[in-house]
Every structure is written in structure tokens, then in C-alpha cells.
Amino acid sequence: MRKYTPKDSRQKKSYYTDRFWVAPRVPREDVGEDGHFADVVKTLKKYISEGYVELGQLVLHIKPKDNLAVLELLRDKCGYAMCSELSAVDYLAQSGEFEIFYQMLNLDLAKRARVVCRIKQNESIESIVPLFKMANFAEREMFDMFGIYVNNHPYLKRIIMPDDWSGHPLLKTYPLQGDEAASWYEVDKIFGKENRDVIGPENRDPAKVDRYDTQRFSRVGYEVPFGADISEGEEPNEIEYSKTAFVNYQKKSKQLKKKR
Amino acid sequence: MQVTTKLTPFFENLNFERADNTMVINFGPQHPSAHGQLRLVLELDGEQVVKALPDIGYLHRGVEKMAENMTYNEFLPTTDRLDYIASTSNNYAYALSVERLLGIEAPRRAQVIRTMLLELNRIMSHLFFLATHALDVGAMSIFLYTFREREYAMDLMESYCGARLTHAAVRIGGVPLDLPTGWLEDLEKFLNNMPENIKLYEDLLTENRIWKMRLENVGVVSAEDALSWGCTGPMLRGSGIKYDIRKEEPYELYGELDFDIPVSDRCDSYGRYRLYMEEMKQSVKILHQLIPMHEESEPQLMAHAPKYISAPKEEIMTQNYALMQHFVLVTQGMRPPKGEVYVPTESPKGELGFYIKSEGEPYAYRLKCRAPSFFHTGLLQKMLVGSYLADVVTIIGSTNIVFGEVDR
């Protein structure tokens, strides 16, 4: 029987797991009564479903449809003038959702806040390009990597992967070495689809070693003729050394011993 | 559309047959001034750029995907390949975010060494910026001078960690080695030569009539644009906003050190060039302060956190439990607590931050590298519009983008 591989996550799994071990959680602190973060939470009270401080940064959970309103309030009322990063996390296997985060920066007070929302697999989210132009590239990257459609983006197009690529590489279902379409991509481009049988799929595992391949792998000390078929075993052969002007490496001469 | 045959090949660079008579030209990815792998599709009206579309992804290696398939310690050398001009700053940014997640702090001596390496890397990166920027603009000799100094800085890095480009000089929880004997004297020699050398560059460029003509009022970024497009580092400070993470959100020893944050409100390439020169002087100042700190600190190099970090070699070789911990950490990798962390650091190019989402597994659930150059590349589509074709190369040079971290 073939080995079972989980279909919802093709990422590397830890080999050793202790079923009694419960991972601790990074402490989450309450926002408190006063201070800057408390003011932010008060301003956005209407939108926030959960708010806490994790490792010195405010984390606000909101509904995805409120993202523009919340970020605009953060920018105009709370002084978060810069959005430094935005991206998504794949939780499709757990709950069929993507978690999208916006990392905000208040330059005057040197405070950082993260706005987090979750969307379902086939939902899309509103673009924040009208508020922060940096989202132009960042949302394109999110679309490229996760396939999340962003509404009203000025130019939603793949950014890092080629335009005609299939699949979204940062999904958990996408294997590290690429899926089957990835292994045919360059073959089709360079040789044409009709030559698939001749060329064969591209090897996308850089660490792959084929011990019977005598064309691409050297066999130091066990040399065989280039391209020889050794899948049935090989004839033992003595290593041959070349002869130089001073030493004949072919025979075990006294000269050689002296040199050693 | 052209009909292409072997006799009339397809000129992919030029597309004249457009109704509005603008010319579309393809700049890069093999252009020598494209800083590696930038492809720009420029729409020109005469000599003026009407529209610019940066096309990236030619150096994509899937670093974030690799992070999900590697243990935390395995991934560290991979971060070298992000901004390969200043590798240690990437290593450090990654190590720091994992440390924050684990809740540990590097011992004092490791902090001194790390800060030294970071500032040395900043000097190396700024020298490289100056060399390539000047070369792009057309000043050849400055390239030779700056690369001479950069070579000495790389020698220092080499004698510390053995590598000149991909350093991997920082570990999660500290540094692997103490400074070799005589390293600080060499560093001091290097630092003592720096002011003279910086003066040499400035004499060559600052008041140079051609340099000023090529740089002044070229690549103008207003403060609003800089904020909106997510500019950080010298791009932000070059637009008159004084924000340096080393000063505002101090990490490592920057809180104790005395240095200034240069700002320029010129908003153009010339202002940014002056800023880079000034930052180099500040880095030299910081390094001078760090040299005595090394001797005063305790010799411990790695944090003591047996759950996450292997014990020192002597303990591993003598104590059973330390060996067991070491074995588990090497074969399985550390398991940080569940949680998410985003730690910004000031890399030579701007805000370099790692967002790490941990689910308590030895592999990060999600790692996002916030690379400054990525957003500076995005800004090109705003910055280039209205400028002349001859200035495009100057503007790209002035943004100081490195494609290792743009494409990741």
C-alpha cells in the first residue's frame, strides 16, 4: 500500500510528537484602563471583537468587512500613519479560513499594532490601496502566494511567480518542491508540450541523488563509462591514474612510497 | 504586432505601434544597472517616463516557504540570502524575532559582538551603495575607492565568521564564537582610517558639479508618499521624517550608545546620498564606543535556556543532561510557545522585520519577511513617473534595492 500523505497540509511534520505535551502560549496582556493602547481600543470599540497586547504590540481582531474603516480610523484618529506589512496565514485545514494581518506603525509614539481578520476560503477582501499605497505590492503578493482576491485593487496580478503559473505557493497544500504543474512548467516553455514524453518532468528536488544515473552524478573511486547502464550491477574496475613525468602512479613503485 | 521570422527578429524591447505614440521599453532584467534582477516596463513620451511597471520575481527562491519546512535553527543560514550585501543584519533580525518569541535575551558579550557586526555590516552596505550608485551615475573611480574599504570590512567579517558574503554570524540566543585575538585592534585600525576615506568620497562627490546635476531634484519622494508607500530607513529619513528603529524602539545595545540620526528634508537623491555618508560616520562612532564594552562584559556567549538552546560545549561533553538536551534540540529542533511576533530592526536598507507565527511545532507555521527593498521597489512606479529616461538608473540606484530581499 502507498504511504498515506495528508492532503490538507503538505508541509514538513515533526517526526517525534509527544501526545501529552501541550505547547505553552506567549502571554497575552490585557489592554488596561489607560495608556495609548487603551485609547486606541476605545476609539475602535465598535469594530473590535478581541483586543490584547502580545509581546508589546497591540493585536486587534476585526471583521473583514470593516478593514478599511478600522485602518482609516487608526491612521487618522490614532496616528498609525504607516502600514508596514500585510499578509495572510493559511488556516484552511483547521477552519477553512485565511487570517489576514495588517501591521501598523505609529511613528510619533513608536507603537505598533496588528489588525487581524479572518476570511473564508472563497471570500475576497477589500483593498486598502486608497489608504496605504504600499498595499499595491503587498496585496499583489498576497494574491500571488495565497490566491486571495482583493477587491478594487488597481492592478491585481501575480507579482513574484510567472503570470501563467498555476497554484499558489504559500498554501499549506502546496508542496515545498512544487506540484505536478510546476514540474512541467519549464519543460512546456522550452521544449513545448508535445515533447513531454521525450524530456520528462523536471526534477525539482535539488537534493535528489540517483545512484544509477551515470550522466549527472560522479562516482568517485567507482568510475564507469559515461551513460553506462548500471542498474543491473557493475563490473569492478581498478582505479587508473595518469602517468606524470616524475611519477608513474600506475605501478606501486618505490618512488611513490618514498614520496609518502 | 510584428511578424517575426529569422530575418526580421522580434525586438521585444521596442513596441512602436501604439495609437498614442508613446514608446514602451523594457528595462532589464539583464540590464547592468538593474541591481540584479529588476525588470522595468517603461512607457515613454519622448524622453519622459509616463508609466513605470516594476516586474520582480526573477530571484524568487521561496524563502518563506522554506521557513515552514525547516526548524528554526536550520533556517538561520537561509536568511543570509535575503539582503546579501549585509547578511548579518538579516541573521540578526531573524534571531531577534525568535528570541522575542522564546522570551530569552542574549548575554551581554553576545550583544556587544552582535551590535558590532551589525554596524560593520551597515558600513559595508553603505559603501556598496555608494559604489554602485556612483557607478550607475557614471563616476567610476569612487567605485574603486569604496570597494577597497569594503574589502577591509569583509576581511574583518571573514576573520570573525569565516565567510565574506553569507555570514551566518549570529545564532538564536547569542553568537557562536567570541572575537578572535587581535580583531578589535584590526577593527580600530579600520575605523581610524574611515573618516579620512569618507572625506575622500565626499571630496570627490559632494560638491562635484556633475554629481549634483545628476542627483539634485531627481527621485523626489514627498513625506506623504514615503509614509503611504511604506518607505523606511534612509528613504524615509531622506524625506524629512526622523524615524530610526535603533533610536525609537531600541534593541540590543542601541539604547546605551550615543549616536545621532541624520535627517534630510531635500527629499531627493542628493539628500539621500548625504544621509548615507552621515550614517557611515555615525556607525564609526558607534563602533568606537563598542570596543571598550567588549572587554568589560562577561565571557558568556549564548543565553542559558536549556529548553531552547544547547548548553555550551564543555557542559555537553561533561554532563549527561546537557548532552540529552543537545541531542533533542539538534534532531528535533526547538519548540517555541504558541504565538505570533513581529520584530522590526533597522537594517542598512530600512525596516527589516520578521513576522513569525508559531503553533508550538518545531517548524514555523508562517514566517513573513518584511523586506524594506520590496516596498521601495513598489515606490518606483510612483517615483519614476515624470522623470527622464536618463534619470531612471539614478533613481533605482538611489533607492538602494537588493533583489535577494525583494523576491525572497
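Residues numbered from 1 in each chain as written. Chains lettered and ligands numbered in written order. Predicted model: local features only at pLDDT ≥ 70, side-chain atom pairs only at ≥ 80, totals over all residues.

1. Description of the overall build of chain B
And step 1. Scanning chain B from N- to C-terminus turns up 16 helices and seven strands.
And step 2. Here the C-alpha atoms of chain B give a radius of gyration of 23 Å, agreeing with the 22 Å that 2.2 N^0.38 yields for 408 residues.
And step 3. Principal axes of the C-alpha set define a box for chain B whose edges measure 80 × 50 × 40 Å.
And step 4. Out of the 408 residues in chain B, the part that is buried amounts to 49%.
And step 5. Sequence-distant contacts, at least 24 apart, represent 68% of the contacts inside chain B between residues at least 6 apart. (Helix = DSSP H or I, 4+ residues; strand = E, 2+ residues; numbered from the N terminus. Rg over C-alpha atoms; globule rule 2.2 N^0.38 Å. Buried ≥ 20, exposed ≤ 12 C-beta atoms within 10 Å, placed from the backbone. Contact = placed C-beta atoms within 7 Å.)

2. What about the sheet that holds strand S6 (residues 350-358) of chain B?
Residue and element names in this part refer to chain B.
And step 1. Here three strands make up an open sheet; going across it, the order is S5-S6-S7 and the pairing antiparallel. Every interior strand has two partners, whereas the edge strands, strand S5 (339-347) and strand S7 (366-370), have only one. Ignoring which end each strand starts from, the neighbouring axes of this sheet average 10 degrees apart.
And step 2. In the sheet, S6 pairs with S7 via five bridges, with the strands oriented antiparallel. Bridge pairing links Lys 357 to Arg 366 in S7.
And step 3. On the sheet, helix H3 (residues 87-102) packs against S5 and S6 and is oriented at approximately 150 degrees with respect to S5. (Pairing = 2+ DSSP bridges. Axes fitted to C-alpha atoms, helices over the stretch in contact; angles between N-to-C directions.)

3. Section: the pairing of strand S6 (residues 111-120) of chain A
Residue and element names in this part refer to chain A.
And step 1. Where strand S3 (residues 57-62) and S6 come together, five bridges link them in parallel fashion. Bridging from a neighbouring strand, His 61 pairs with Val 116 of S6.
And step 2. Bridge count for strand S5 (residues 97-106) against S6 is 10 bridges, and the pairing is antiparallel. By the bridge assignment, Ile 100 is partnered in S6 with Cys 117.

4. Describing the nonpolar core
And step 1. Val 115 of chain A together with Leu 120 of chain B are the most contacted members of the largest nonpolar core, which totals 155 residues.
And step 2. Top contributing element to this core by residue count: helix H4 (residues 108-137) of chain B, with 17 residues.
And step 3. Once residues within four sequence positions are removed from consideration, Val 115 of chain A is found in contact with Leu 60, Ile 62, Val 70, Leu 71, Phe 101, Tyr 102 and Met 104 of chain A. (Core = buried A, V, L, I, M, F, W, Y, C linked by C-beta atoms within 7 Å.)

5. Observations concerning the packing of helix H5 (residues 141-161) of chain B against helix H6 (residues 183-205) of chain B
Residues and elements named next belong to chain B.
And step 1. Orientation of H5 relative to H6, taken along the N-to-C sense of each, is 165 degrees, at an axis distance of 10 Å. As far as their axial angle goes, H6 and H5 are roughly antiparallel. Crossing hand, H5 versus H6: left-handed. Where H5 abuts H6, its residues Ile 142, Tyr 145, Thr 146, Glu 149, Tyr 152, Ala 153, Leu 156, Ser 159 and Tyr 160 lie against Trp 183, Asp 186, Leu 187, Phe 190, Asn 197, Leu 200, Tyr 201, Leu 204 and Leu 205.
And step 2. Residue composition of the contact of H5 with H6, by class: 13 nonpolar, three polar and two charged. (Parallel < 35°, antiparallel > 145°, perpendicular 65-115°, else oblique. Left-handed = near helix turned anticlockwise from the far one by under 90°. Nonpolar A, V, L, I, M, F, W, Y, C, P; charged D, E, K, R; others polar.)

6. Focus on the sheet that holds strand S2 (residues 50-54) of chain A
Residues and elements named next belong to chain A.
And step 1. Ordered by their spatial adjacency, six strands build an open sheet running S1-S2-S3-S6-S5-S4, and the pairing between neighbours is mixed. The sheet is open, and its two borders are formed by strand S1 (28-29) and strand S4 (82-91), each paired with just one other strand.
And step 2. In this fold helix H4 (residues 135-146) packs onto S4 and S5, with an angle of close to 10 degrees to the strand it touches most, S4.

7. As for the environment of Leu 177 of chain B
Residues and elements named next belong to chain B.
And step 1. Looking at the secondary structure, you find Leu 177 in the loop between H5 and H6.
And step 2. Using a count of 13 C-beta atoms within 10 Å as the deciding quantity, one classes Leu 177 as partly exposed.
And step 3. A C-alpha to C-alpha distance of 28 Å links Leu 177 and Glu 361, two positions 184 residues apart in sequence.

8. Observations regarding the interface of chain A and chain B
And step 1. Contact residues are listed per partner, giving 33 residues for chain A and 41 residues for chain B.
And step 2. Those elements giving two or more residues to the side of chain A that touches chain B turn out to be S4 and H4 of chain A.
And step 3. In terms of residue count, S4 of chain A provides more of the side of chain A that touches chain B than any other element does, six residues in total.
And step 4. Considered class by class, the residues forming the side of chain A that touches chain B number 20 nonpolar, seven polar and six charged.

9. Considering unusual backbone geometry
All names here are of chain B.
And step 1. Non-glycine residue Glu 252 carries a positive phi angle of around 55 degrees.
And step 2. Summarising the element assignment, Glu 252 is placed in the loop between helix H10 (245-248) and helix H11 (269-296).
And step 3. The partly exposed category is assigned to Glu 252, around which 19 C-beta atoms lie within 10 Å.
And step 4. Of note, Cys 267 is a non-glycine position whose phi angle comes to about 65 degrees, a positive value.
And step 5. Relative to the assigned elements, Cys 267 resides in the loop between H10 and H11.
And step 6. With 19 C-beta atoms packed within 10 Å, Cys 267 lands in the partly exposed category.

10. What to know about the packing of H4 of chain B against H11 of chain B
Residue and element names in this part refer to chain B.
And step 1. Their axes nearest at 9 Å, the elements H4 and H11 cross at an angle of 155 degrees. As summarised for this structure, H4 and H11 are arranged roughly antiparallel, according to the angle between their axes. You can see that H4 and H11 cross each other, and the crossing is left-handed. Residues Arg 109, Val 112, Thr 115, Met 116, Glu 119, Leu 120, Arg 122, Ile 123, His 126, Phe 129 and Leu 130 of H4 form the contact with H11, whose own contacting residues are Tyr 276, Glu 279, Met 280, Ser 283, Ile 286, Leu 287, Leu 290, Met 293 and His 294.
And step 2. For the contact of H4 with H11, a count of residues per class yields 12 nonpolar, four polar and four charged.

11. Looking at helix H15 (residues 389-399) of chain B
Residue and element names in this part refer to chain B.
And step 1. Counting buried residues along H15, nine of its 11 residues qualify, which places the element largely inside the surrounding structure.
And step 2. Of the positions making up H15, those classed as buried are Asp 391, Val 392, Val 393, Thr 394, Ile 395, Ile 396, Gly 397, Ser 398 and Thr 399.
And step 3. Just beyond H15, the residue with positive phi is Asn 400, at close to 55 degrees.

12. A short note on the domain arrangement of chain B
And step 1. With domains assigned, chain B is organised as domain 1 (14-55) and domain 2 (79-305 + 345-357).
And step 2. Summarising the inter-unit geometry, the C-alpha centres of domain 1 of chain B and domain 2 of chain B are found 33 Å apart. (Domains from an automatic or database assignment.)

13. Topic: helix H1 (residues 36-43) of chain A
All names here are of chain A.
And step 1. Phe 37, Val 40 and Val 41 are the residues of H1 that are buried. Buried positions in H1, seen along its axis, are confined to an arc of 95 degrees and lie on one side of it.
And step 2. Buried residues in H1 make contact with S2, S3 and S6. (Arc of directions from axis to C-beta.)

14. Quick look at the pairing of strand S3 (residues 39-45) of chain B
Residues and elements named next belong to chain B.
And step 1. Judged from the five bridges that link them, strand S2 (residues 23-27) and S3 form a sheet pairing that is antiparallel. The residue of S3 that forms the bridge with Met 23 is Leu 44.
And step 2. Here S3 runs beside strand S4 (residues 48-55); their pairing, made up of seven bridges, is antiparallel. Paired with Glu 43 across the two strands is Lys 51, which belongs to S4.
And step 3. If you look at the hairpin formed by S3 and S4, you'll find two residues sitting between the two strands, and Gly 46 has a positive phi there, around 70 degrees.

15. Topic: the environment of Glu 216 of chain B
Residue and element names in this part refer to chain B.
And step 1. Looking at the element boundaries, Glu 216 is found in the loop between helix H7 (209-215) and helix H8 (223-228).
And step 2. Looking at Glu 216, the number of C-beta atoms within 10 Å reads 14, which means it is partly exposed.
And step 3. When the C-alpha positions of Glu 216 and Tyr 270 are compared, they lie 5.3 Å apart, and in sequence the two are 54 residues distant.
And step 4. Setting aside chain neighbours within four positions, we find Glu 216 in contact with Asp 268 and Tyr 270.

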